[in-house]
There are 2 protein chains.
Amino acid sequence: MNEMIELLQNHVSVRDYDDRIVSDEVKNELVKSAQSASTSNFVQAYTIIEIKDKQMKAGLAEITQFSGHLAKAPLVYVFVADLYRHAIQLKKKDVSLDGLRNMESMVVSMVDATLAAQNMAIAAESLDLGICYIGGIRNDLTRVKELLHLPELTVPLFAMTIGYPASKNDIKPRMPLENVIATDTYQTSLTDLSTYDEQIRSYYQNRNNQQTDTTWTQKNVDFFSIVRRPEFAQFLLDQGFTLK
Amino acid sequence: MNEMIELLQNHVSVRDYDDRIVSDEVKNELVKSAQSASTSNFVQAYTIIEIKDKQMKAGLAEITQFSGHLAKAPLVYVFVADLYRHAIQLKKKDVSLDGLRNMESMVVSMVDATLAAQNMAIAAESLDLGICYIGGIRNDLTRVKELLHLPELTVPLFAMTIGYPASKNDIKPRMPLENVIATDTYQTSLTDLSTYDEQIRSYYQNRNNQQTDTTWTQKNVDFFSIVRRPEFAQFLLDQGFTLK
């Protein structure tokens, strides 16, 4: 259709990078592209922290458990949902911070951070870089907060590793369209996924690394059969959000 | 740098569309591009609902208050953070849904929906379409839930209007880079924003529509001086999330 759409539809997560460093000029374009994303009511409620320090990279990699490549990635960013900056502005005018602490504002900052991150991901891929989102930093948010010295009203949402690909997996087939798109009304019926499940099984059996034998359905059942990161809500409360 | 980075950095929200309809071929590419975005642990926890019905568009426009253009937009999508599909899969295997209901899983679904939306936005802009995110549907989530017949464990996060631009605003200048990007450690000090505030004042005074006299700082103070959408948390509880 066009090069941009091809780029978007050819996305794969890349965890294996060669030794080439990413130039400051490129990094500047990545951040500018991130900043150009839409932002709710122009609040720009996010901060991007580049992790350069080797020990900090190692510390974050340890927290993420399954993302050891983070320690060796040429470029590592942590995306922080961030209303602290706005708190400074409100305090200067003696305005209560209650408007920052509620669920709506917290979600706004998380959406803003995610929009910026996806723009950076696409900018990186357009420059022949590979990227990988790492939600695994949420395994120990308090430790991440200590490492990055995060103030109240901030949430480290995920990290992103970036580098020039040494190897790539094939594109992972997405769910059948009819389960993802609907018209006017939500479709509560889930179509028969057996064909898709086998497609995914064959993907996981044949991919370059971390080969495994599972289906999409089985993977979801295993993944959600435990309550993951049960400390997340308490962390958000500790950060000054009311969850109300 | 390259055309895609130019496209990303030239983004403006577009609320004014001409009468050209968006072809099914284009719509298909938009949805496929959305699906190609990264998704946390491949859970694909979102649904995209195209709003075709005129009365539903009008209903949503009424809810959004300041987004009347939604009623006339050629193409309207609602992005739904969606774990209902996974609930079906877990129920079939008699697995508890607790793993879907907690804060971590809710945030995962919101991030997934946002990543997909931003891919669609960029795909649309690469095809000379203009887009606008509309968080205003969160003004009355219960009404949106009724209109779209949304089941438990789903959250209508925002809408997106898409069409061929009849007019465009200039690019809105983003915050000075030093406030958005940091290295290894969060920068708690907010740099002097007076120059940026005047830049934003002049943007708002001179843009094509909804001209106003405010700065970025003043806009944030006004915006967050009220507790917005206080029913959001209760809606999430009603949808089966524990917020724990």
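Residues numbered from 1 in each chain as written. Chains lettered and ligands numbered in written order. Predicted model: local features only at pLDDT ≥ 70, side-chain atom pairs only at ≥ 80, totals over all residues. Heavy atoms only, no water.

(A) Quick peek at the overall build of chain A. The number of helices and strands found in chain A is twelve helices and five strands. At 19 Å, chain A has a C-alpha radius of gyration in line with the 18 Å of a compact globule built from 244 residues. Relative to its full complement of 244 residues, chain A shows a buried share of 63%. Residue pairs in contact within chain A that sit at least 24 positions apart in sequence constitute 77% of those at least 6 positions apart. Carbon together with sulfur atoms contributes 46% to the accessible area of chain A, which is approximately 9,400 Å² in total. Taken together, the 25 basic and 31 acidic charged side chains of chain A have centroids lying 5 Å from each other. (Helix = DSSP H or I, 4+ residues; strand = E, 2+ residues; numbered from the N terminus. Rg over C-alpha atoms; globule rule 2.2 N^0.38 Å. Buried < 20%, exposed > 50% of the residue type's maximum accessible area, 1.4 Å probe, protein only. Contact = heavy atoms within 4.5 Å. Areas by Shrake-Rupley, 256 points an atom, 1.4 Å probe, with all protein chains shown as cover. Lys, Arg positive; Asp, Glu negative; His and termini not counted. Charge placed at Lys NZ, Arg CZ, Asp CG, Glu CD.)

(B) Spotlight on the environment of Val 180 of chain B. Structurally, Val 180 of chain B can be placed in helix H8 (residues 177–180). For the pair Val 180 of chain B and Leu 190 of chain B, spaced ten residues apart in sequence, the C-alpha separation works out to 9.9 Å. For Val 180 of chain B, the residues in contact, after removing those within four places along its chain, are Gln 35, Tyr 46, Thr 47, Ile 48 and Arg 85 of chain A together with Met 175 of chain B.

(C) Region of interest: the sheet that holds strand E3 (residues 130–134) of chain B. The sheet built from five strands is open, its strands ordered E5(A)-E1(B)-E2(B)-E4(B)-E3(B) with mixed pairing. For this open sheet the edge positions go to strand E5 (181–183) of chain A together with E3 of chain B, each flanked by a neighbour on one side alone. For this sheet the average axis-to-axis angle between neighbouring strands, irrespective of direction, equals 25°. Of the strand pairs in this sheet, strand E1 (residues 46–50) of chain B and strand E2 (residues 75–82) of chain B are connected by five bridges, and their pairing is antiparallel. Note that in E2 of chain B the partner of Thr 47 of chain B across the bridge is Val 80 of chain B. (Pairing = 2+ DSSP bridges. Axes fitted to C-alpha atoms, helices over the stretch in contact; angles between N-to-C directions.)

(D) Here's a closer look at the packing of aromatic side chains. Per the stated rule, a full pass over the model turns up twelve aromatic pairs over all chains. Judged by centre distance (5.9 Å) and plane angle (85°), the ring pair of Tyr 84 of chain A and Tyr 186 of chain B falls under edge-to-face. Of this pair, Tyr 84 of chain A sits in helix H5 (residues 84–92) while Tyr 186 of chain B is found in the loop between strand E5 (181–183) and helix H9 (194–206), placing the two residues in two different chains. Comparing Tyr 84 of chain A with Tyr 186 of chain B shows no difference in burial state: the two are buried. (Phe/Tyr/Trp six-rings, centres within 6.5 Å; stacked < 30°, edge-to-face > 60°.)

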